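What follows is each chain in one-letter form.
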Amino acid sequence: MIFQGAEALPLALVGLDKDLLDTVGSRIVAIFDPRANGEICGVPVIGGDDAWPAYKVSHPSVKPLIAIDLPRLRRKLSAHYGAEDCATFIAADAKVSRHAMIGTGVVIQRGVYVSADVELADAVRINVGAQIHHDCRLSSFVTVAPGALLMGSVRVGRDAYIGAGAVVRQGLTIGEGAVVGAGAVVTRPVAAGVTVVGAPAKPIARA
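Residues numbered from 1 in each chain as written. Predicted model: local features only at pLDDT ≥ 70, side-chain atom pairs only at ≥ 80, totals over all residues. Heavy atoms only, no water.

> Got a minute to help me understand the overall build of the protein chain in this structure?
A tally of helices and strands in the protein chain yields three helices and 25 strands. Computed over the C-alpha atoms, the radius of gyration of the protein chain is 17 Å, within 12% of the 17 Å expected from 2.2 N^0.38 for a compact globule of 207 residues. Residue burial in the protein chain is summarised as follows: out of 207 residues, 49% are buried. Sequence-distant contacts, at least 24 apart, represent 22% of the contacts inside the protein chain between residues at least 6 apart. Carbon and sulfur atoms provide 54% of the accessible area of the protein chain, an area that totals close to 9,300 Å². (Helix = DSSP H or I, 4+ residues; strand = E, 2+ residues; numbered from the N terminus. Rg over C-alpha atoms; globule rule 2.2 N^0.38 Å. Buried < 20%, exposed > 50% of the residue type's maximum accessible area, 1.4 Å probe, protein only. Contact = heavy atoms within 4.5 Å. Areas by Shrake-Rupley, 256 points an atom, 1.4 Å probe, with all protein chains shown as cover.)

Below, the structure written as structure tokens:
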């Protein structure tokens with residue numbers, strides 16, 4: 001496991017992601033999630049997001065690790081917890097090219113493949129088993145769900161979400177805030193704010 005910018009520091013998990021909690025292990029010393037309480041896997045739940053400022057004052061060495069899938073919510077929480085302070089996590093078994101560019105607050109989970117000349121902007125989240133091939137560019141707060149596959153030279157706009165098991169063909173653009181449904185096969189560009197599903201992927205009709 002690699003903690004860029006926080007190699008020896010304790011971490012606070014923001015959002016209850018048990019896979020990430022299990023993968024990161026003992027460096028997680030606190031959990032912040034309004035839906036949880038008590039202890040989770042032996043780690044104390046401190047409270048909701050409003051509990052962070054006071055906790056940070058008494059625990060200045062602890063860095064937040066944002067574990068939220070929804071891009072817009074992750075953007076909001078990154079600002080609340082301090083975007084420049086957020087830890088970057090790369091799982092030990094993830095295969096990340098030394099020629100990839102990784103921003104601040106990025107989370108790369110187990111079994112991920114990131115190829116050469118990929119750019120992951122700040123607070124991008126790549127879930128278990130996803131593949132990001134050469135020359136892809138992912139803007140801030142993009143989420144790539146488990147098992148998704150982005151072929152070479154794909155461009156993904158800010159706040160976009162790529163669903164579990166989706167495939168995006170080489171050279172395509174996924175617009176800002178767009179959603180690619182689980183299992184979709186994207187063969188054409190997806191405009192900003194549009195949700196596509198199916199194989200081949202097609203926009204969901206608006207009511």
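> When you look at the sheet that holds strand 2 (residues 11-14) in this model, what are you seeing that I'm missing?
The sheet built from five strands is open, its strands ordered 4-5-3-2-6 with mixed pairing. Of all strands in the sheet, those bounded by a partner on one side alone are strand 4 (39-40) and strand 6 (63-66). As paired elements, strand 2 and strand 3 (residues 28-32) share four bridges and run parallel to each other. Opposite A12, over in strand 3, you have A30 as the bridge partner. Across the sheet, helix 3 (residues 71-81) lies against strand 2, strand 3 and strand 6, angled at about 180 degrees from strand 6, the strand it touches most. (Pairing = 2+ DSSP bridges. Axes fitted to C-alpha atoms, helices over the stretch in contact; angles between N-to-C directions.)

> Looking at this structure, how should I read the pairing of strand 3?
Along strand 3, four of the five residues are buried, which leaves the element largely enclosed by surrounding structure. In this fold, the crossover linking strand 2 to strand 3 by way of helix 1 (residues 18-24) has right-handed handedness. (Right-handed = clockwise from strand over helix to strand, strands pointing away.)

> Any chance you could explain the pattern of salt bridges here in plain terms?
Note on pairing: side chains with opposite charge can pair once their charged atoms come close. Applying the stated criterion across every chain, the model contains eight salt bridges. In this structure, the salt-bridge partner of R125 is D69, at a minimum N-O distance of 2.6 Å. Of the two residues, R125 sits in strand 13 (residues 125-126) while D69 sits in the loop between strand 6 and helix 3, which places them 56 residues apart along the sequence. On the accessibility criterion, R125 (1% relative accessible area) is buried. Within the structure, one salt-bridge network assembled from shared partners comprises D17, D69 and R125. (Salt bridge = Lys/Arg side-chain N within 4 Å of Asp/Glu carboxyl O.)

> I'm lost on the sheet that holds strand 15 (residues 137-138) in this one. Help?
Strand pairs in the sheet, formed through backbone hydrogen bonds, run parallel or antiparallel to each other. Read from one edge of the open sheet, five strands run 9-12-15-18-21, paired in parallel fashion. Strands with a single pairing partner mark the edges of an open sheet, and in this sheet they are strand 9 (101-102) and strand 21 (173-174). In the sheet, strand 12 (residues 119-120) pairs with strand 15 via two bridges, with the strands oriented parallel. Residue pairing in the sheet places L120 in a bridge with L138 of strand 15.

> Sorry if this is basic, but what is going on with the side chain of D85 here?
Position of D85 among the secondary structure elements: in the loop between helix 3 and strand 7 (88-90). A polar side-chain atom of D85 sits 2.5 Å from a polar atom in the side chain of K63. Sequence-distant contacts of D85, that is, excluding residues within four places in its chain, are made with K56, K63 and P64. (Polar contact = N/O pair within 3.5 Å; in protein donor to acceptor, adjacent residues only side chain to side chain.)

> Whenever I open this one, the environment of D50 confuses me. Can you help?
With respect to the helices and strands, D50 occurs in the loop between strand 5 (43-47) and helix 2 (52-58). Distance from D50 to P34, taken between C-alpha atoms, is 9.1 Å for residues 16 residues apart in sequence.

These values are about where atoms sit, not about what they do.
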